[in-house]
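Next come the chains, spelled out residue by residue.
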Amino acid sequence: MKKILAFSILAITIILTLPVNAQDSSRDDVESKITQLLSEMTIEEKVGQMTQITLGMPTRKDKDGVLEFEMDSLRIALLDYHVGSILNTAGVAHSLEKWHEIITTIQDVSLKESRMKIPVIYGIDAIHGAGYTLGATLFPQSIAMAATRNLELMEKGAEITAYETRASGIPWNFNPVLGMGREPLWPRHWETFGEDVYLTTQMGAAYVRGQQGGNIGDPTRVAACLKHYLGYSIPTSGRDRTPALIPERTLREILLPPFQKGIEEGCLTVMVNSGEINGIPTHSDSYVLNDILKGELNFQGFVVSDWADIRRLHSRDRVADSPKEAVRMAVMAGVDMSMVPTDFSFPILLAELVKDGDVPESRIDDAVRRILRVKFKLGLFENPYPNKSLSENFASEESNSANYKAASEVITLLENEDNTLPLSKNAKVLVTGPSANKLSLLNGGWTITWQGNVERLYPQDELTILEAVQEKIGKENVTYVEGVDFEKDINSADAIKAAENVDAVILCLGEPTYCETPGNIDNLGMSESQINFALEIAKTGKPVILVLVEGRPRVISKIVPHMEAIIMAYLPGMKGGEVISDVLFGDTNPSGKLPFTYPNGVNGYTTYDYKPVLNHRDIGFSAQWEFGHGLSYTTFNYSNLSLDKGEYLMDDTIQISVDVKNTGTVNGKESVELYVTDLFGSVSRPVKQLKRFEKIELKPGELKTVQFEIDKNDLSFFGRENKRITESGEFIVALGDQKANFFIK
Ligand code: BGC
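Residues numbered from 1 in each chain as written. Predicted model: local features only at pLDDT ≥ 70, side-chain atom pairs only at ≥ 80, totals over all residues. Heavy atoms only, no water.

Colleague: Would you take a moment to explain the site of the ligand for this structure?
Modeller: The environment of the ligand is made up of 13 residues, and the closest members are Asp125, Arg188, His228, Arg241 and Asp306. Within the side chain of Lys227, an N or O atom sits 2.9 Å from an oxygen atom of the ligand. A distance of 2.7 Å separates an oxygen atom of the ligand from a polar atom in the side chain of Arg241. About the coverage of the ligand: the protein hides 95% of its 310 Å² of free accessible area. (Near = heavy atom within 4 Å. Polar contact = N/O pair within 3.5 Å; in protein donor to acceptor, adjacent residues only side chain to side chain. Areas by Shrake-Rupley, 256 points an atom, 1.4 Å probe, with all protein chains shown as cover.)

Listed below in structure tokens is the structure:
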């Protein structure tokens, strides 16, 4: 095995140092190998490559619940139906060794027993770490990572996730989610990077770089998957997999840029939106898939369907009058691989469609070429088996500390009346609320199981909020009473009584663990049991510090005035307990900034980049906290905002600088955020938009000059003709409380 590793590292080094024309020839070489393979493959073998099934299909659980292959079923899948891809974990996370056994068994059949000997590409949802491998490093979820505003931490986290996924023998990860988090009811809000286009674009790009690296043949990297293309995240009803109405301008200006950037970063795969846009289910939308993705964006990788979504064109959306027509529509719209995933209907129907002349073989060849290209790029032909030597650095100390760093920059201090925080380490505290003592709630979905809610499977050596607080100030100083759960009272009277004997209450509220459709809600408000409990606890007169552990902003306007301090933890991952406790007691100075606008009412959600009409007369924009809000234990002063000119020509670069000083008494990190307002536009323009950010660290008294450059692309939008344009006129740039105007001639 060592030899193979040494060989592939040598191969990578050679490729990386190859001159450009040699890289071209290695690309040509791959393409000609694919041409050769295609010329030898039967229709059945080709449509098999386009088929993905779930691991549950060829396996069963033995009497002790241990997953094992039914070899006959596996052979039917791989040898009779020539299946090219398998996904999922079939229930719960497996050990590294079990994954090695699973992948090896699959590749053995495909490589040793099949005619074409094409490796299977295995795919998994490793969305905040290799969550389906036991003991993996589990980072904050994406919404929380967006709060760090730290691209280095994002890239590092994605790199470690790639490593641990690959160490499990799995070369393909169904992440990042690049839908915009602009509809907080949507139960997958926490899988996004929040509501801002620029932030999502930058975070997504950093994620792809971390996953795929400079050279995707690197055996410690994986293929990433941009999902769910396009428009999945803003369903009109707020419910998962329901229709969206999206004007062309919004589609192109708000939803497309993160995908475009991900493709520019070389992302190898894209997964389709499970829902529909303007009445057209995306799995059948040739405009979105063929014209925009493969045409305009020149995407060369492959497009995978989402779970069972081709069949649903018939059974759910009824745009196809038979399952066969559904297959035809999806393949002709540009879907290259079907996540079927529980039967062989797709390859059977597709082979018939080709034989009947309803799907041209050239379309099949194109899809298979794309899939084989990714398999070649990933090095699967040379190295299809798990590389066991990677186990050594799986969940290493270094990865653990990268996770801690990421989590500590997540925490966002929303309120801190009279500097209630940090608490003294001599304080006696009551820790209470449903989120106080569960690791599952810190991690959320896609963790160990799909819903992430099987608490007993979580690693015992990681700390909940309660345990971390106990460790910090001593068990004897901490009283714990659960109080309420998400639905009902448990022992709130005991909690209220216990509050009498402490200096402060740490009240941990939020949401249960959920994922996808089971997380649908009808009301964005925080549950009544929790709101009532918070009000009762506040009546004790003790300072209450509210810690929010939630994947979407649940409305808490009734209780905000009664809380002395409020911390937003989002879904901070496995280190969440520790970093929350470190922030509470001042060992970490919080530096997160909200990646979404926290609403103060359950209806009429408005993002921070709203239109000017909302500032007009009595309509009014109001929010609990706006996108970008986040306090610190120190203070930062902004001064000397300066631009290199006051007037620019259209093609000029605009150079902007600002001084930021730490005017408080402790070290602090600050995301310096540059917003631009386009004062007048032919289409109504947002009141402001984030265009750049940079996270800096300052010691007390230290000053840094931060420089940014923007150009006409940053000032562009989709005009009345639905084409990207930049208009001349007046703009405002804002950094902290500093503002300056400039003109484009
Ligand atoms: C989800 C995808 C996921 C897929 C495979 C689907 O239900 O929508 O995000 O990648 O399942 O697990």
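Now that the structure has been shown, we can carry on.
Colleague: How should I be thinking about the pattern of salt bridges in this particular structure?
Modeller: Pairs can form between side chains of opposite charge once their charged atoms are near each other. The tally for this structure, following the rule as stated, stands at 60 salt bridges. Between Arg328 and Glu325 there is a salt bridge, and its shortest N-O distance comes to 2.9 Å. Here Arg328 pairs with Glu325, and both are found in helix H12 (residues 323–333), just 3 residues apart, close to one helical turn. Put simply, Asp582 and Lys472 hold a salt bridge, and the shortest N to O gap is 2.4 Å. Of the two residues, Asp582 sits in helix H20 (residues 576–584) while Lys472 sits in helix H17 (residues 465–473), which places them 110 residues apart along the sequence. Given a relative accessible area of 12%, Asp582 falls into the buried group. Taking relative accessible area as the criterion, Lys472 reaches 24% and is therefore assigned partly exposed. Here the salt bridges do not stand alone but share partners, grouping Arg188, Glu191, Asp240, Arg241, Asp306 and Glu516 into one network. (Salt bridge = Lys/Arg side-chain N within 4 Å of Asp/Glu carboxyl O. Helix = DSSP H or I, 4+ residues; strand = E, 2+ residues; numbered from the N terminus. Buried < 20%, exposed > 50% of the residue type's maximum accessible area, 1.4 Å probe, protein only.)

Colleague: Honestly, the pairing of strand S8 (residues 269–272) in this entry has me stumped. Any pointers?
Modeller: Consecutive residues of a regular strand have side chains that alternate between opposite faces of the sheet. Here S8 shows two buried faces, one formed by Thr269 and Met271 and the other by Val270 and Val272. Where strand S7 (residues 225–229) lies against S8, 3 bridges are found, and the strand directions are parallel. In the sheet register, Cys225 faces S8, and the bridge partner there is Thr269. As paired strands, S8 and strand S11 (residues 302–304) are joined by 3 bridges and run parallel to one another. The residue of S11 that forms the bridge with Thr269 is Phe302. (Pairing = 2+ DSSP bridges.)

Colleague: Quick question: what am I supposed to make of the sheet that holds strand S15 (residues 478–481) here?
Modeller: With mixed pairing, 6 strands are arranged side by side in an open sheet as S13-S18-S17-S16-S14-S15. Lying at the two open borders of the sheet, with one neighbouring strand each, are strand S13 (412–416) and S15. Strand-to-strand twist across the sheet, computed as the mean angle between neighbouring axes with direction ignored, equals 20°. (Axes fitted to C-alpha atoms, helices over the stretch in contact; angles between N-to-C directions.)

Colleague: I would appreciate a short explanation of empty space enclosed by the protein in the present structure.
Modeller: One way to see where empty space is left: roll a probe the size of a water molecule over the atoms. Per the stated rule, a full pass over the model turns up 7 cavities of 30 Å³ or more. Of the volumes computed, that of the largest cavity is approximately 120 Å³. The wall of the largest cavity is formed by 16 residues, among which Gln49, Leu78, His82, Ser114 and Ile118 lie closest to the centre. A breakdown of the residues in the lining of the largest cavity according to their chemical character gives 7 nonpolar, 5 polar and 4 charged. Roughly 80 Å³ of volume is contained in the second largest cavity. In terms of lining residues, the second largest cavity is bounded by 14 residues, among which His128, Phe139, Pro140, Met154 and Tyr207 are the most central. (1 Å grid on protein atoms, 1.4 Å probe; cavity = no way out; pocket = protein on both sides within 12 Å on 5 of 7 lines; lining within 4 Å. Points joined across faces, edges and corners; volume = space filled by probe spheres on them. Nonpolar A, V, L, I, M, F, W, Y, C, P; charged D, E, K, R; others polar.)

Colleague: How should I be thinking about helix H8 (residues 197–212) in this particular structure?
Modeller: Helical periodicity: at 3.6 residues per turn, an α-helix aligns residues three or four positions apart in one direction. With 16 residues, H8 extends 22 Å from end C-alpha to end C-alpha; this agrees with the ideal 22 Å at 1.5 Å per step. Of all 16 residues that make up H8, 15 are buried, and the element is covered over most of its length. Among the residues of H8, the N-terminal cap falls to Asp196, whose side-chain oxygen and the backbone nitrogen of Tyr198 are separated by 3.0 Å. (Expected span 1.5 Å × (residues − 1).)

Colleague: Which parts of the structure should I look at to understand the side chain of Ser110?
Modeller: Structurally, Ser110 can be placed in helix H5 (residues 96–113). Once residues lying within four places of it in the same chain are set aside, the contact partners of Ser110 are Leu78, Lys117, Ile118 and Val120. (Contact = heavy atoms within 4.5 Å.)

Colleague: Help me out: how do you make sense of the domain arrangement of the protein chain in this one?
Modeller: Interfaces are often described in size by the accessible area the parts lose on coming together. When its domains are assigned, the protein chain resolves into domain 1 (4–393), domain 2 (411–603) and domain 3 (636–744). Just the C-alpha atoms count here: the centres of domain 2 and domain 3 sit 35 Å apart. (Domains from an automatic or database assignment.)

Colleague: Would you mind showing me how to read the environment of Asp356 here?
Modeller: Relative to the helices and strands, Asp356 is located in the loop between helix H13 (345–355) and helix H14 (361–377). Once the C-alpha coordinates of Asp356 and Glu415 are considered, the two residues, 59 residues apart in sequence, prove to be 66 Å apart.

Colleague: It is not clear to me how the pairing of strand S17 (residues 544–549) should be interpreted in this structure. Could you clarify?
Modeller: Burial analysis of S17 places 6 of its 6 residues in the buried class, the great majority of the element. Where burial is concerned, the two faces of S17 agree: the one with Val544, Leu546 and Leu548 and the one with Ile545, Val547 and Val549 are both buried. As paired elements, strand S16 (residues 504–510) and S17 share 6 bridges and run parallel to each other. By the bridge assignment for S17, Leu509 is matched with Leu548. One crossover worth recording links S16 to the parallel S17 by way of helix H19 (residues 528–539), and it is right-handed. Of the strand pairs in this sheet, S17 and strand S18 (residues 565–568) are connected by 4 bridges, and their pairing is parallel. The residue bridging Leu548 from the neighbouring strand is Met568, located in S18. (Right-handed = clockwise from strand over helix to strand, strands pointing away.)

Colleague: Explain the nonpolar core here, please?
Modeller: With 101 residues, the main nonpolar core has Ile86, Val429, Val469, Ile506, Val547, Ile556 and Leu584 as its most contacted residues. Mapping this core onto the domain boundaries places at least three of its residues in each of domain 1 (4–393) and domain 2 (411–603). Not counting the four nearest positions on each side in its chain, Ile506 is found in contact with Leu423, Val429, Leu430, Val431, Thr432, Val469, Ile545, Val547, Leu584 and Phe585. Listed in part, the 97 residues of the second largest apolar core include Ile34, Phe193, Leu251 and Val368. (Core = buried A, V, L, I, M, F, W, Y, C linked by side-chain atoms within 4.5 Å.)

Colleague: What exactly am I supposed to notice about the sheet that holds strand S19 (residues 636–643) here?
Modeller: Strand pairing in a sheet takes place through backbone hydrogen bonds and is either antiparallel or parallel in direction. Read across the open sheet, the 3 strands follow the order S19-S21-S24; overall the sheet is antiparallel. Strands at the two margins of the open sheet, each flanked by one partner only, are S19 and strand S24 (703–710). Adjacent strand axes in the sheet meet at a mean angle of 20°, parallel and antiparallel pairs treated alike. In this sheet, S24 lies alongside strand S21 (residues 654–662) in antiparallel orientation, the contact comprising 8 bridges. Within S24, the position partnered with Ser657 by the bridge is Gln707.

Colleague: Help me understand the side chain of Gln211 in this model?
Modeller: Structurally, Gln211 can be placed in helix H8. When its relative accessible area of 0% is taken as the criterion, Gln211 is described as buried. Here Ala158 takes part through its backbone oxygen, which lies 3.1 Å from a polar atom of the side chain of Gln211. Not counting the four nearest positions on each side in its chain, Gln211 is found in contact with Ala158, Glu159, Thr161, Ala162, Asn173, Asn175, Arg221, Val222 and Ala224.

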